[in-house]
Amino acid sequence: MQVSKWFFVILICAAMVGNLGCDTLPPVDATGTYAGTWSSGTEIECALIFDLDTDTEAEEQNLSGTVSIDVSCLATLLAQNENVPPAAQTTLETILSELLQDDIVLDLEGILVPLLYGIELNTPDLPNECDEGFCINLVFAGFGEDVDLDMHVDSFSGSLIILFEISELTEQQQAALTLLGLEDLENLTIPAGFEFSVTEQ
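Scope of this entry: the structure provided in the associated data block. None of these values were measured; they are calculated from a predicted model. (Residues numbered from 1 in each chain as written. Predicted model: local features only at pLDDT ≥ 70, side-chain atom pairs only at ≥ 80, totals over all residues. Heavy atoms only, no water.)

With that out of the way, let us pick up the state of the cysteines. Per the counting criterion, the structure on display carries one disulfide. Through a disulfide, C46 is tied to C73; the S-S separation comes to 1.9 Å. Of this pair, C46 sits in strand β2 (residues 45-55) while C73 sits in helix α2 (residues 73-79), and the two are 27 residues apart along the sequence. For C73, a relative accessible area of 8% translates into the label buried. (Disulfide = S-S within 2.5 Å. Helix = DSSP H or I, 4+ residues; strand = E, 2+ residues; numbered from the N terminus. Buried < 20%, exposed > 50% of the residue type's maximum accessible area, 1.4 Å probe, protein only.)

Okay, here's the thing in structure tokens:
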């Protein structure tokens, strides 16, 4: 898995916090609802909402909550994959749209580093066997911004890593893939370089 550059920056920040002593830095809060978008740097943008709770008493600032993410545009991104013939893209996008819900809600956990407001959030790992038709794992990493300097994060932005697995196609969907010359979806990949940006509501 490609590890985001933000992740290494956050690790460095965490090490600096440890050297300084956690007591020397005031607690930072990121409790609230943050809404925005994620994108691949193209014209395609999809909705994203974080609902976060911050444990400010923890030695490492623990974040928990949920993320609601619109994955419908994944159908378009996957259908435009280089392994898919142009003539097959429309049909494949239709099949994928049936599998990918407009919005899914996943549990989140992660850390908020007081220094530079570094953030990392993860959804649960992909299961050993995906029996839900579509399974996804998300990793968000970046930095927050405190505009009014009240030790409460007003916005987050950074990079997003997406891992996914598609399983349990219907006979009709499998037949359509076979007609397209695609026996399965294992060779479909998502282009790297996703970004996200959210602001507190």
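So, on to the packing of helix α3 (residues 89-99) against helix α4 (residues 171-179). Angle between the axes and distance between the axes: these two values describe a pair of packed helices. At a closest axis distance of 10 Å, the pairing of α3 and α4 adopts a crossing angle of 155 degrees. With respect to α4, the element α3 is oriented roughly antiparallel. Crossing handedness for the pair α3 and α4: left-handed. Here L92, I95, E98 and L99 of α3 lie close against α4, whose contacting residues are Q173, A176 and L177. Broken down by class, the residue content of the contact of α3 with α4 amounts to five nonpolar, one polar and one charged. (Axes fitted to C-alpha atoms, helices over the stretch in contact; angles between N-to-C directions. Parallel < 35°, antiparallel > 145°, perpendicular 65-115°, else oblique. Left-handed = near helix turned anticlockwise from the far one by under 90°. Contact = heavy atoms within 4.5 Å. Nonpolar A, V, L, I, M, F, W, Y, C, P; charged D, E, K, R; others polar.)

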